[in-house]
Amino acid sequence: MYYPPHILQLKVITPPDRDEYNRPVSGTGSESWKEVCRCRCDDNTTKQFTSDNGEVYRPDYHVVCGQDTGLKAGDYVRCMDDDEVRGEGEVYMVKNTNYLGYSELWM
């Protein structure tokens, strides 16, 4: 990829610890962002997908990464442009290429 101006991050949720009565222990769970790779995040206004049951879905962002990210549908990600959030949301579809070695995400 020649132009990756953004950084793709994955939301990592650590569940809280439980005591002997299976109650959550306060102060033990957390949320953090893990950096995945450099990417390019574009607004999506034309591409739409139709699910098997007929629902039409039009994603807000199309993200292209220069490597296989290992992400899957349902992951929550965001694209950062320096210290500003460029796009954020749940991944709807992931496509990985075999030969060229890049990934496409729609979120």
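Residues numbered from 1 in each chain as written. Predicted model: local features only at pLDDT ≥ 70, side-chain atom pairs only at ≥ 80, totals over all residues. Heavy atoms only, no water.

**Student:** It is not clear to me how the sheet that holds strand E1 (residues 6-14) should be interpreted in this structure. Could you clarify?
**Tutor:** Backbone-to-backbone hydrogen bonds pair the strands of a sheet. The strands run either parallel or antiparallel. Taken in spatial order, the seven strands make up an open sheet running E7-E6-E1-E2-E5-E9-E8, and their pairing is antiparallel. Edge strands, defined here as strands with exactly one partner in the open sheet, are strand E7 (84-90) and strand E8 (93-96). Adjacent strand axes in the sheet meet at a mean angle of 30° when their direction is disregarded. (Pairing = 2+ DSSP bridges. Helix = DSSP H or I, 4+ residues; strand = E, 2+ residues; numbered from the N terminus. Axes fitted to C-alpha atoms, helices over the stretch in contact; angles between N-to-C directions.)

**Student:** Please explain the packing of aromatic side chains as it appears in this structure.
**Tutor:** Aromatic ring pairs: the centre-centre distance and the angle between the two ring planes describe each pair. The tally for this structure, following the rule as stated, stands at four aromatic pairs. Summarising the aromatic geometry, the rings of Phe49 and Tyr92 are spaced 5.6 Å apart at their centres and angled 40° between planes, so their arrangement reads as tilted. In this pair, Phe49 is assigned in strand E3 (residues 49-50) and Tyr92 in the loop between E7 and E8, connecting sequence segments 43 residues apart. You can call Tyr92 partly exposed: its relative accessible area is 27%. Between Tyr57 and Tyr92 the ring centres are 4.0 Å apart and the planes differ by 25°, which places this aromatic pair in the stacked class. On the criterion of sequence distance, the pair formed by Tyr57 in strand E4 (residues 56-57) and Tyr92 in the loop between E7 and E8 is long-range, its members being 35 residues apart. With relative accessibility at 27%, the residue Tyr57 sits in the partly exposed group. Taken together, the ring pairs in this structure connect Phe49, Tyr57, Tyr92 and Trp106 into an aromatic cluster. It is Lys11 that lies over the ring of Tyr76; its NZ or CZ is 5.2 Å from the centre. (Phe/Tyr/Trp six-rings, centres within 6.5 Å; stacked < 30°, edge-to-face > 60°. Buried < 20%, exposed > 50% of the residue type's maximum accessible area, 1.4 Å probe, protein only. Lys NZ or Arg CZ within 6 Å of the ring centre and 35° of its normal.)

**Student:** What is the right way to read a negative patch on the surface from this model?
**Tutor:** Judged by side-chain charge, Asp81, Asp82, Asp83 and Glu84 come together as a negatively charged surface patch. Within the secondary structure layout, Glu84 lies in strand E7. (Patch = residues over 30% accessible without salt bridge, like charges linked within 9 Å, V, L, I, M, F, W, Y side chains within 5 Å. Areas by Shrake-Rupley, 256 points an atom, 1.4 Å probe, with all protein chains shown as cover. Salt bridge = Lys/Arg side-chain N within 4 Å of Asp/Glu carboxyl O. Lys, Arg positive; Asp, Glu negative; His and termini not counted. Charge placed at Lys NZ, Arg CZ, Asp CG, Glu CD.)

**Student:** Quick question: what am I supposed to make of the environment of Tyr3 here?
**Tutor:** Within the secondary structure layout, Tyr3 lies in the segment before E1. According to the relative accessible area criterion, Tyr3 is exposed, its value standing at 57%. C-alpha separation for the pair Tyr3 and Asp60, spaced 57 residues apart in sequence, amounts to 20 Å.

**Student:** Which parts of the structure should I look at to understand the pairing of strand E2 (residues 30-43)?
**Tutor:** Consecutive residues of a regular strand have side chains that alternate between opposite faces of the sheet. Across nine bridges, E1 lies against E2 in antiparallel orientation. If you follow Thr14 over to E2, its bridge partner there is Ser30. Here five bridges tie E2 to strand E5 (residues 61-65), and the two strands are oriented antiparallel to one another. Its bridge partner lying in E5, Cys39 is registered against Cys65.

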